[in-house]
Amino acid sequence: MSTGQDAPTAESARTDVPEGRYGKTRAAKPARWRRLVFGVVALLVSGGIAYVAYTNFGSAPIEGERVSFDEKPGDAMEITINVTRDDVNRPGVCVVRVRDKAGAESGRKEVLIQPGSKNSRVTTTIKSIGKPVTADIFGCSYDVPRYLSRP
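Residues numbered from 1 in each chain as written. Predicted model: local features only at pLDDT ≥ 70, side-chain atom pairs only at ≥ 80, totals over all residues. Heavy atoms only, no water.

- As annotated in an unreviewed UniProt entry, the protein is DUF4307 domain-containing protein from Amycolatopsis decaplanina DSM 44594.

What follows is the structure, given as structure tokens:
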């Protein structure tokens, strides 16, 4: 069923369109400035993501670690924590808590960490609304509430 004529190619089809009627034809490659702008934007976005990840997942300036806990009479528990910080001249605060058998928090206490040394060991007793089974650290911070810093 061949007529012996070659099928028109894309190049010859383009020349059939009247010149000037449809404007300039676009280049097949994106312009160099577009690639450069895209590269700069990608670099800025990557840098922003890296900064946010570092500030959120980097090492904390003050950290607490549970050393031990011991059940006390009257639905209370004693907890001993080690606190490590980067600024020894600032006071800190750690929130410690106890949990009941179901895992729900049944008591909480804020503990003031006095300025002085890079590593501090603090022992405190936490009252519970029921029988506590474990104690842990909720978190530590340099944002000390005003009522804890008063003598």
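Now that the structure has been shown, we can carry on.
## Topic: the sheet that holds strand β5 (residues 119–127)
Next up, step 1: The strand order across the open sheet built from three strands is β1-β2-β5, with neighbouring strands paired in antiparallel fashion. Where the open sheet ends on each side, the last strands, each with one partner, are β1 (62–72) and β5. With direction set aside, neighbouring strand axes in the sheet form an average angle of 20°.
Next up, step 2: Sheet topology note: the strand β2 (residues 76–85)/β5 ladder contains nine bridges and is antiparallel. In the strand pairing of β5, Thr-80 is matched with Thr-123. (Pairing = 2+ DSSP bridges. Helix = DSSP H or I, 4+ residues; strand = E, 2+ residues; numbered from the N terminus. Axes fitted to C-alpha atoms, helices over the stretch in contact; angles between N-to-C directions.)

## A word on the packing of aromatic side chains
Next up, step 1: Going through the model one piece at a time under the given rule, you end up with zero aromatic pairs.
Next up, step 2: In this structure, Arg-108 packs its charged tip against the face of Phe-138, placed 4.4 Å from the ring centre. (Phe/Tyr/Trp six-rings, centres within 6.5 Å; stacked < 30°, edge-to-face > 60°. Lys NZ or Arg CZ within 6 Å of the ring centre and 35° of its normal.)

## Description of the pairing of strand β4 (residues 105–113)
Next up, step 1: Looking at chain direction, strand β3 (residues 92–99) and β4 are connected through eight bridges and run antiparallel. Within β4, the residue paired with Arg-99 across the bridge is Glu-105.
Next up, step 2: Counting the residues in the hairpin turn of β3 and β4 gives five residues, including Gly-103, whose phi is positive at 95°.

## A few points about the confidence of the model for the protein
Next up, step 1: In the predicted model, the protein carries a mean pLDDT of 84, and 81% of its residues have values of at least 70.
Next up, step 2: The least confident element of the protein, judged by mean pLDDT, is helix α1 (residues 10–15) at 52; the most confident is β3 at 94. (pLDDT = per-residue confidence, 0-100.)

## Side note on the sheet that holds β4
Next up, step 1: Read from one edge to the other, the open sheet built from three strands follows the order β4-β3-β6, with strand pairing classed as antiparallel. Each edge of the sheet is formed by a strand with only one pairing partner; in this case those strands are β4 and β6 (134–141). Ignoring strand direction, the axes of neighbouring strands in this sheet form an average angle of 20°.

## What to know about the side chain of Asp-136
Next up, step 1: By the element assignment, Asp-136 lies in strand β6.
Next up, step 2: Within polar-contact distance, the side chain of Asp-136 engages the side chain of Arg-99 at 3.5 Å.
Next up, step 3: Residues in contact with Asp-136, not counting those within four places in the same chain, are Arg-66, Ile-79, Val-96, Arg-97 and Arg-99. (Polar contact = N/O pair within 3.5 Å; in protein donor to acceptor, adjacent residues only side chain to side chain. Contact = heavy atoms within 4.5 Å.)

## Description of the nonpolar core
Next up, step 1: By size, the foremost hydrophobic cluster in this structure holds 16 residues, and its most contacted members are Ile-79, Ile-81, Val-83, Cys-94, Val-96 and Ile-113.
Next up, step 2: Here this core gets four residues from one element, more than from any other, and that element is β2.
Next up, step 3: Apart from the residues lying within four places of it in its own chain, the contact partners of Ile-79 are Arg-66, Ser-68, Phe-69, Val-96, Val-122, Thr-123, Thr-124, Ile-126, Ala-135 and Asp-136. (Core = buried A, V, L, I, M, F, W, Y, C linked by side-chain atoms within 4.5 Å. Buried < 20%, exposed > 50% of the residue type's maximum accessible area, 1.4 Å probe, protein only.)

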